[in-house]
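# Examination of the molecular architecture
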Amino acid sequence: MGLNDTPSGERVHVGFFGLRNAGKSSLVNAVTGQKLSLVSEVKGTTTDPVKKAMELLPLGPVVIIDTPGIDDTGELGRERVLRAEDMLSETDVAVLAVDASLGLTDPDRDLIKRFEARGIPYVIAYNKSDLPDARMPDDGHGLTVSALTGAGIGELKERIARLGRREAEAEKHIAADLLKPGECAVLVIPIDAAAPKGRLILPQQQTIRDLLEGGCSVVCCRDTELSSALEALSAPPSLVITDSQAFGRVAKIVPRDVRLTSFSILFARYKGDLAELVKGAAALSKIRDGDPVLISEGCSHHRQCGDIGTEKLPRWIREFTGAEPAISFTSGGEFPEDLTPWKLVVHCGGCMLNEREMKSRIARAAETGVPVVNYGVAIAHIHGILRRSLEVFPEALNLLDGKG
């Protein structure tokens, strides 16, 4: 990712859905002005979701998703349909491609119901409007377009932009709203074998940017230099934010009257559901021998010695519970549809996922009655400092005390 790139998790995700040969891929290419997807008269050319981060004017940074046809057949076709349906969980704006010569079909109407059930704003693009038997839409969601001639594509892009802006218009902060302009935050960033060479990881970058845009001063240091960094300040910082892995060490150094939290807890609030994750922390104390626990990361990366997800967290969970749970792992786009086999889900902060996808995963666990907690909340609870780390969030603290 370049220095000027908007992270995928911060981009509006625009998903194109529809029947095979409704012209989804042709529409994607017409809207983006690029040949992002393979186009063919053969049904089912798009066999897997195709994702591309790009700039889409007049909206701005987006992720375009081209999905397989929802009417694919056979055993392999059914797998493709499921992959298309999976994309709904991360779609911010949906474009339903409909063959204008056929009109809406039952699968199309089923998709519309899914959009509405999930609260996904959508537009129906009646493609192939250049054909003599094309039908005109009669609802407020429809537009007539032609990927072949370009007719209506400009209007379609404007509609996508309006819906996308509505999704992104609410101003949200990672940490800047917790401080007043001019106040100072200390960010504790351990540099160990797992840290990427020559750069900071995404949550650290985004938090620094958010604080600077809020007019705050930012001091960054490793946990090994935290004491000297605090002593060098003329006044105590308003907030200390630490990497979850250093929570225990940092809590012993930071004065009790200085607010302390973690990047992972901040991201639980920023794009997740902090209340649900705090409630899920209590389940850690109930884990017994053999209980199935799922540890899930939203990104795929090279595992190193001392990896937090596959090594440190399992060890801390075993030490905290005194049990030997059956721990399994998923990463990237791999996240089970059915979570009932697990007693607990421990998820990463989700910095590489967009807000809709992260909230969808948390909601999926809540709907099936499976407790879910993220790394930062879990680690704070394990180290006995969850209460302190939530003092900056009184509502979440009330949940911890059973008052919410």
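Preceding block: the structure.
Summary of the structure given here. Worth saying up front: this structure is predicted, and the values here are computed from it rather than measured.

What counts, and at which threshold
Residues numbered from 1 in each chain as written. Predicted model: local features only at pLDDT ≥ 70, side-chain atom pairs only at ≥ 80, totals over all residues. Heavy atoms only, no water. Pairing = 2+ DSSP bridges. Helix = DSSP H or I, 4+ residues; strand = E, 2+ residues; numbered from the N terminus. Axes fitted to C-alpha atoms, helices over the stretch in contact; angles between N-to-C directions. Salt bridge = Lys/Arg side-chain N within 4 Å of Asp/Glu carboxyl O. Buried < 20%, exposed > 50% of the residue type's maximum accessible area, 1.4 Å probe, protein only. Contact = heavy atoms within 4.5 Å.

### Points about the sheet that holds strand β10 (residues 259-262)
With respect to topology, four strands assemble into an open sheet ordered β8-β7-β9-β10, the strand pairing being parallel. A single partner strand is all that each edge strand has here, and the edge strands are β8 (217-221) and β10. Looking at each pair of strands side by side, their axes are set apart by 20 degrees on average, direction ignored.

### Quick word on the pattern of salt bridges
Between side chains of opposite charge, pairing is possible as soon as their charged atoms come close. If you walk through the whole model with that rule in mind, you get 20 salt bridges. Put simply, Asp-110 and Arg-114 hold a salt bridge, and the shortest N to O gap is 3.1 Å. With Asp-110 and Arg-114 both in helix α3 (residues 106-118), this residue pair falls four residues apart, about one helical turn. On the basis of relative accessible area, Asp-110 is assigned to the partly exposed category, the value being 39%. A salt bridge links Glu-324 to Arg-318; the nearest nitrogen and oxygen atoms lie 3.2 Å apart. A single salt-bridge network, built from bridges that share partners, covers Glu-85, Asp-110 and Arg-114.

### Comments concerning unusual backbone geometry
In this chain, Leu-57 is followed by Pro-58 through a cis amide linkage whose omega measures 10 degrees. Relative to the helices and strands, Pro-58 resides in the loop between β2 (50-56) and β3 (60-66). One non-glycine residue, Asn-21, lies in positive phi territory at about 65 degrees. For Asn-21, the location among the structural elements is in the loop between β1 (12-18) and α1 (24-32). Its relative accessible area of 26% is what places Asn-21 among the partly exposed residues. Non-glycine residue Lys-128 carries a positive phi angle of around 65 degrees. Mapped onto the fold, Lys-128 is located in the loop between β5 (122-127) and β6 (142-144). On the accessibility criterion, Lys-128 (24% relative accessible area) is partly exposed.

### Let's talk about the sheet that holds strand β12 (residues 326-331)
Taken in spatial order, the four strands make up an open sheet running β12-β11-β13-β14, and their pairing is parallel. Only two strands of the sheet have a single partner each, and these edge strands are β12 and β14 (372-374). Strand-to-strand twist across the sheet, computed as the mean angle between neighbouring axes with direction ignored, equals 20 degrees. Against the sheet, helix α12 (residues 375-382) contacts β11 (292-297), β13 (344-347) and β14, and its axis sits at roughly 90 degrees relative to β14.

Read these as geometric descriptors, not functional statements.
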